[in-house]
Amino acid sequence: MSTVDLVPLIDEGLGNSAYLVDLGDGRALVVDVSLDLRATQQAARRRGLTVAFAADTHLHADFVSGARQLSATEGTRVLASAAGHREFRHTGLHDEDEVDLGGLRLRALATPGHTHEHLSFLLLDGDQPVGVFTGGSLLVGSAARTDLISPERTEPLARQQYASLRRLAGLPDEVTVWPTHGAGSFCSAPPGAQRTSTIGAQKATNPLLQAEDEDAFVAALTGSLGSFPDYFLRLAEVNRRGPAVLDTDPAPAGLDVARVRALLAEGAHVVDVRPVPEFAAGHIPGALSIPLRPVFASWLGWLADPERPLIVVRGDEQDPAEIAWQATKIGFDNIVGELRGGMDAWTADEQDITATRLVRAEEINQQNVLDVRQVPEFAAGHVPGSTHVELGSLTDHAESLPRAPTVVMCGHGERAMGAASVLERAGHRDLSILEGGPDDWAQVTGRPLEHGV
């Protein structure tokens, strides 16, 4: 079996993998790379490679593609489905089209389902298939969701996904499977550390490939679909039209207190990226708490308004470039700056602040408990009698929730603080954040968790 020199480029926050393939002649192929090209460019430089080809398996909904940026800045040849009707320079490929990479070849396989124009790319060394970039088709232990186009297209796309997985399962067992979506992706992937596999292993272990017929497959796939951020519904079109080419790396400008106050008066929102204890100790009234961590981009895209100017508040030790890149890769180009000097500057100017109380599990008594985790997490075990609203849909439910003393909880506290900040903006008061999660409550109280929804 031939091997290739391949570097996975994993985005832990989005749950995705891009791939850099060393073509052996100083050139490289990248597959499904995002606009945050820092890891790609670092890996290419380290190996002395020029990125000659950038292939996109589909019109991505969860991140802005970096293919056009590479084309504009490095002369990279973009390979993508002709059925995607992209409006920028690219090589449009149809089923069974091949591209000579210089020794290796890339064969397009039409695998619709996740999107209507989805391609998988089979990498061949001579006539020998080495691996297949499956994008959002065959995943490790699953297949990507089919409900990102429209409700009426969900089932027809699921039926196409069934046929696409069967087609891929017909490849030789030893062929490596390189999916884009992995654990942590809202495009659907089961939990687990394994991000690559083989056709043979998936035939033996993937539950969707065990479905007895098409109807059973469709029921299993569509029955497992969870919620997803609203920005998923607009990024595919951004990627089809062609993302704007960046002239410089994104970086938030410094804004003084007076300018921040003026922008807030005009309708801007504050996104506070500091850790939970720092936000709890004091924050700008109405600020949205989204701690800077690998999943920052997903929650920014879920909770922040893409139409409003956003102002960042961060800690001294937090990297402004990381904040800017995470926002940029999901199409949030509305960060107008950051509060220069952070909260120290705000308090030195004697501006109002709000604090949010942190509580331990043993301090929960007669308060309402609001659990903001995802449905599967809540079903797996929650504090008895707690109310459940997913964080992503909390804005829509904030007005209807009782204005009573409430302890907000998730698994560790970050999402709970985000939820509290959403509720505070909606006028809720007397909110507390549980430090920890339901297991901490069960351990302290000795009482069992409830299960189910």
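Everything below is about the structure shown above.
Residues numbered from 1 in each chain as written. Predicted model: local features only at pLDDT ≥ 70, side-chain atom pairs only at ≥ 80, totals over all residues. Heavy atoms only, no water.

Some thoughts on the packing of helix H3 (residues 151-169) against helix H5 (residues 214-222)
Then comes step 1: Running from N to C, H3 and H5 cross one another at 115°; their axes reach a closest spacing of 9 Å. For the pair H3 and H5, the crossing hand works out as right-handed. Facing H3, whose interface residues are Thr154, Glu155, Ala158, Arg159, Gln161, Tyr162 and Leu165, H5 presents Glu214, Asp215, Phe217, Val218, Leu221 and Thr222.
Then comes step 2: In terms of residue class, the contact of H3 with H5 is built from 6 nonpolar, 3 polar and 4 charged. (Axes fitted to C-alpha atoms, helices over the stretch in contact; angles between N-to-C directions. Helix = DSSP H or I, 4+ residues; strand = E, 2+ residues; numbered from the N terminus. Left-handed = near helix turned anticlockwise from the far one by under 90°. Contact = heavy atoms within 4.5 Å. Nonpolar A, V, L, I, M, F, W, Y, C, P; charged D, E, K, R; others polar.)

Quick notes on the packing of aromatic side chains
Then comes step 1: The tally for this structure, following the rule as stated, stands at 9 aromatic pairs.
Then comes step 2: Measuring from ring centre to ring centre gives 6.5 Å for tyrosine 19 and tryptophan 178, while their planes differ by 45°; the resulting arrangement is tilted. Of the two residues, tyrosine 19 sits in strand S2 (residues 16-22) while tryptophan 178 sits in strand S13 (residues 176-179), which places them 159 residues apart along the sequence.
Then comes step 3: By relative accessible area, which is 1% here, tyrosine 19 ends up buried.
Then comes step 4: Put simply, the rings of Tyr19, Phe133 and Trp178 touch in pairs and so form one group of aromatic residues. (Phe/Tyr/Trp six-rings, centres within 6.5 Å; stacked < 30°, edge-to-face > 60°. Buried < 20%, exposed > 50% of the residue type's maximum accessible area, 1.4 Å probe, protein only.)

With respect to the pattern of salt bridges
Then comes step 1: By the definition in use, this model includes 29 salt bridges.
Then comes step 2: Taking the shortest distance from any N to any O, the salt bridge between aspartate 147 and arginine 145 comes out at 2.6 Å. The pair aspartate 147 / arginine 145 is uniform in exposure class, with both members buried.
Then comes step 3: Of the charged contacts in the structure, one is a salt bridge between aspartate 305 and arginine 308, with a shortest N-O distance of 3.5 Å.
Then comes step 4: By relative accessible area, aspartate 305 is classed as partly exposed at 28%.
Then comes step 5: Classification of arginine 308 by relative accessible area gives partly exposed; the value is 32%.
Then comes step 6: Three or more residues are tied together by salt bridges with common partners; here these are Asp95, Glu96, Glu98, Arg105, Arg107, Asp127 and Arg167. (Salt bridge = Lys/Arg side-chain N within 4 Å of Asp/Glu carboxyl O.)

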